[in-house]
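Report on the structure
Residue strings, one per chain:
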Amino acid sequence: MFLGLLARLDGESRARLLAEAFERSAIAKAVATTAGELVEVNNAFCGLTGYRRDELVGRPIAMLLPRDEPFDGFGDLECERRIVRRDGTRGWILTRVLPVRGSGYVVLESVESDEHHDLTDRVARSVDEARGLRTTIAIQREIAAAAGDRELLVTLAAERALQVLPTGDGAAVHLLDATGEAIPIVAAAGYAPPWDARREVTLTGTMVGLAVATRSTLRCDDTATDPRALAEAGRADDVRSVVIAPLLRPDGPIGVLTVIAREAHAFGEADEQQLTLLADAVAGALRHAEHTERNRELLFEATEANAALARQRAAALAAVQRLEQSEGRFAEVFDHSPLAKVVLGLRGADYGRILLANPAFSELIGSEPAAIPGVPLGDLVAMPRPDYDAALASLAAGERHRSTREVVLRRRDGAQVNVAAHTSVISDQAGPAAAVVQLLDVTRERAAALALARSEEQFRTAFSGSPLGLVLCDEDDVFRQANPAAADLIGRSAGELAGLRYTDVTDPGDLATAADARTGLRTGGQVRYDQRILRPDGRIVWARVTLSLVPGPAGEPWRLMQLEDIAAERAAAMAAEREHRRLQHTLSVQRELIAVAADRDAALHVVAERAVELFPAADGAAVELAEDAYLVYAATAGTLAGALGTRVRIDASLSGAAMTADATAHCRNAARDPRVDREACARLGIAAMLVVPLHADDSVIGVLKVSSRHPDVFDEADEQQLALLAEALASALRHADDAAALAARNAELEEADRLKRDLIGMLGHELGNPLAAILGYTEIASDTWSTLSEGMRTKVVDGITRQARRLDAIVQEVLTMVRSEAGNLHARRAPTPLRAQIALALADTGADGTPVAGPDATALVDAGQLQQILTNLLSNAAKYGGGPTAVRITPDGERVRIAVEDRGPGVPPEFRDRLFERLARADRDAAKVRGTGLGLYIVRNLARANGADVHYTPNPDGGSVFVVDLEAA
């Protein structure tokens, strides 16, 4: 009728009616794109999630899912998922996906499925609570053992609190001070910031104070929303959940035991109960410590009482002997009975606990005999706790003295045993004291009775609920029955599959393989093969098919087809193959880098070129090296080849961000990424890029980048691959730098060796002549001094003096050279008039008559070093140019120049490039003019030490001009 109504309505009315039906539906409904974006939701969907419509429409459906369960599309047409509601609570929903053909949209229908999961959670919580209680009991014993040492006791309490509440991150014990107004922390364990920040805690306005005041355990699930908690302190300490249990004694509270967690909703009611039990044990132990002294006082009184008891002992011995005889007979029957037996306490601390158990009971539950006494029988019985507690209370109250019922026991190995329990109560004058429970194992009988009934149901359940697709085929390969998983995989309903054959759903390319498998199955066993399945929607799905022979209704050979979706497996295999090829390419590049490791530029270009080849999505690559505040494109390839030499600022680029953070940077879309220079990316044709840092020792020296003209093309595998390539390049660069450093050091050593040989040769030649002359003069003076005339004596002395000065000049030049080479040539610059210095140098070199042109000027220079400069230039003019012909002073703004001119033959053109080098002499003059080859070398070093320089220029009138360029004072 509804469809008929729709058919009679026009388009606009039909749309309004459908929209109203959608909105008023009691089922939570939503319309979403196939990419997972919510387009429309109804009121029921808002109620299910806790969000308003405007908070959902236009948002991704992933906002409703837990972080650890990301949205993976609508591959399953019916699925069960966990959601996170707006208030932070979680729940389960069952969602049916209805694709709207040809529209790119799907309709989602969802209902809550929390009840099933709540039952599972309650079972899990029961197991956890039992385990927690056992832990608490063990810790209580440990705390009781430490009761004599107060400091050890509180430390142990803080540490063990985290064992009792494993979801907690930190624990602390607070004890009231003597004033009762503050409650300082005396022990802490685990997560420390809250305890380190506030060792003193006040009672006013805090949950600790509230727990003390109310004498009850308090739990805060979220400090950000709980009005009892200090939200600001919770944020500062990164604390979201708190449980506080008071430490109570009869006269009032003495402190609290606190456990915190950094996650919200970290604790439950069971945690409250277990922390309360632990707090009671700690309080009792603290009371024990306080009462220790009192116990000593009572010891004397007890000793006196013992004397009185001794007198009563004799009277009781006869009764004890009679009781022992009775107990002996009971123990004999109890221990050797083939039936499992236990004695159950019904009074006091033994209430509900096993007092005695015979060997048959130990064997029945699979536990050691010594581990059974003291265990609550309720922990071993698999029945609702309220029912068990009611039955136990009925026995303890004397309402029943005998009972028989069937229960299930849990063995230590987790197995369950069906037993018939026969209970008899033992009473004394005070009433029921214990009960003897006899247990007869009836597991096999019950199992045999249920096996037949369960068999068919198990098959139906296993067949229908199997995650694998199952299809039952008859002897003619006709599909007789298919489970939901097979229907989902093949894309047809179970009814549509009935009557089809395997040939109707198999890709033609795999028909031969499927036929061969069925032929091979005739010999028995199983056959397995992979094939493609054709779905009605045109999709092709890879499946692994396992064929097995099963008996049909009349014993005929039917076949069971198991279908496993292996699309993800094949995709993973293909991804692994791609990764393998990438690794092979990377190893090839590494070998290529090793071959050119000594050549830094070659290594850079190899990596840039191979990076484009290595990454299918990349069309450009660059190696950028740091230089001051910039990154320089040192090697490029592909679409970035024309960017070689480009400089980008480190503080204004994605490459700079990766270098500064020393981490991989991934720009998926340059048009939307705020970290990139969009104008530069557009100019270089970069739509997406990956950038990884390059390391040298412990520093980052640049980055390796690959780029693409298309957005969203790189993935995590590309990031890892580029990091491997960057590491290989960094290793090659280190090798190249080491080779360059070694070559430079070898060159230095060779230069030092050459200098040593040149110095030895020069000194041997230049020192030989002056020394020979001095020796000649001294021999003349020694042999004929008394017969020499006064004039000859003066000539001998002048000759020795002249040659000694010659030796001193050579030594001074060598020492100046050595100081210069060692970097110890320092100038004490001061304003110095130049004419006076020039006149002094002319006089010292015997060139007093040389004209000095130009005005006097003052230069900033070391006067002594200027003298040596001028003396060397004037001496050079005398040796090679026939003497200086003029000295000119030329002021020029902030500079002043001194030129020494001669009219000699000048400097040969082929020697001018080496004119100022160390120990350099022109071949034309080396044999005719004495000299060390250090004069002009020293002149240049002295000039540069004074912030000046010297250069040579040919004299237009013939000869040479040496110009010293000084800083004006």
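Residues numbered from 1 in each chain as written. Predicted model: local features only at pLDDT ≥ 70, side-chain atom pairs only at ≥ 80, totals over all residues. Heavy atoms only, no water.

An unreviewed UniProt entry lists the protein chain under the name histidine kinase, with Dactylosporangium vinaceum as the source organism. Heading Subcellular location (unreviewed entry) of the UniProt record for the protein chain holds this comment: "Cell membrane". Note on the protein chain: under the UniProt heading Catalytic activity (unreviewed entry), the record states "ATP + protein L-histidine = ADP + protein N-phospho-L-histidine." (UniProt positions renumbered as here; feature names shortened; annotations may be inferred.)

**A look at the packing of helix α24 (residues 863-881) against helix α26 (residues 935-945)**
It is the contact of α24 with α26, at a shortest axis distance of 9 Å, that shows an interaxial angle of 150 degrees. In terms of axis orientation, α24 runs roughly antiparallel to α26. The element α24 and its partner α26 pack so that their crossing is left-handed. Residues Q865, Q868, I869, N872, L873 and N876 of α24 form the contact with α26, whose participating residues are G935, L936, I938, V939, L942, A943 and A945. (Axes fitted to C-alpha atoms, helices over the stretch in contact; angles between N-to-C directions. Helix = DSSP H or I, 4+ residues; strand = E, 2+ residues; numbered from the N terminus. Parallel < 35°, antiparallel > 145°, perpendicular 65-115°, else oblique. Left-handed = near helix turned anticlockwise from the far one by under 90°. Contact = heavy atoms within 4.5 Å.)

**Digging into the side chain of D862**
Relative to the helices and strands, D862 resides in the loop between β29 (858-861) and α24. One buried charged residue, D862, forms no salt bridge at all, with the nearest opposite charge on R828 at 5.9 Å. Reaching out from D862, the side chain makes a polar contact with the backbone nitrogen of R828 at a distance of 3.0 Å. Apart from residues no more than four positions distant in its own chain, D862 is found in contact with A827, R828, R829 and N946. (Buried < 20%, exposed > 50% of the residue type's maximum accessible area, 1.4 Å probe, protein only. Lys, Arg positive; Asp, Glu negative; His and termini not counted. Salt bridge = Lys/Arg side-chain N within 4 Å of Asp/Glu carboxyl O. Polar contact = N/O pair within 3.5 Å; in protein donor to acceptor, adjacent residues only side chain to side chain.)

**Focus on the sheet that holds strand β16 (residues 469-473)**
Neighbouring strands of a sheet are bound in pairs by backbone hydrogen bonds; such pairs are parallel or else antiparallel. The five strands lie next to each other as β17-β16-β20-β19-β18, forming an open sheet whose pairing is antiparallel. Both edges of this open sheet fall to β17 (479-482) and β18 (526-534), since each of them pairs with a single strand only. Shown here is a sheet whose adjacent strand axes are inclined to one another by a mean of 30 degrees, direction ignored. Pairing analysis gives three bridges linking β16 to β17, with the strands arranged antiparallel. If you follow C473 over to β17, its bridge partner there is F479. In the packing of helix α16 (residues 511-521) onto the sheet, the strands contacted are β18, β19 (540-551) and β20 (557-565), and the crossing angle to β18 comes to about 155 degrees. (Pairing = 2+ DSSP bridges.)

**What to know about helix α12 (residues 385-396)**
End to end, α12 covers 16 Å across twelve residues, agreeing with the expected 16 Å (1.5 Å per residue, within 8%). Those residues of α12 that fall on the buried side of the exposure criterion are Y388, A391, L392, S394 and L395. All buried residues of α12 fall inside an arc of 155 degrees around its axis, so they share one side. Structurally, α12 contributes buried residues whose contacts are with β11 (340-345), β13 (402-410), β14 (416-428) and β15 (431-441). G398 sits one or two positions beyond α12 and adopts a positive phi of about 80 degrees. (Expected span 1.5 Å × (residues − 1). Arc of directions from axis to C-beta.)

**What about the pattern of salt bridges?**
Taken as a whole and judged by the stated rule, the model has 40 salt bridges. The closest approach of N and O atoms between D389 and R385, which form a salt bridge, is 3.5 Å. On the criterion of helical spacing, the pair formed by D389 and R385 is a turn pair, its members being four residues apart in helix α12. Taking the relative accessible area as the measure of exposure, D389 reaches 35% and is therefore partly exposed. In this structure, E901 and R888 form a salt bridge, with 2.6 Å as the shortest nitrogen-oxygen distance. Linking E901 in strand β31 (residues 895-902) with R888 in strand β30 (residues 884-892), this pair joins segments that are 13 residues apart in sequence. Salt bridges linked by common partners bring R52, D54, E55 and R86 together as one network.

**Observations concerning the side chain of S362**
Turning to its location among the elements, S362 is positioned in helix α11 (residues 359-365). Residue classification places S362 among the buried residues on the basis of a relative accessible area of 4%. Leave out the neighbours within four places in its chain, and S362 touches S367, P369 and I372.

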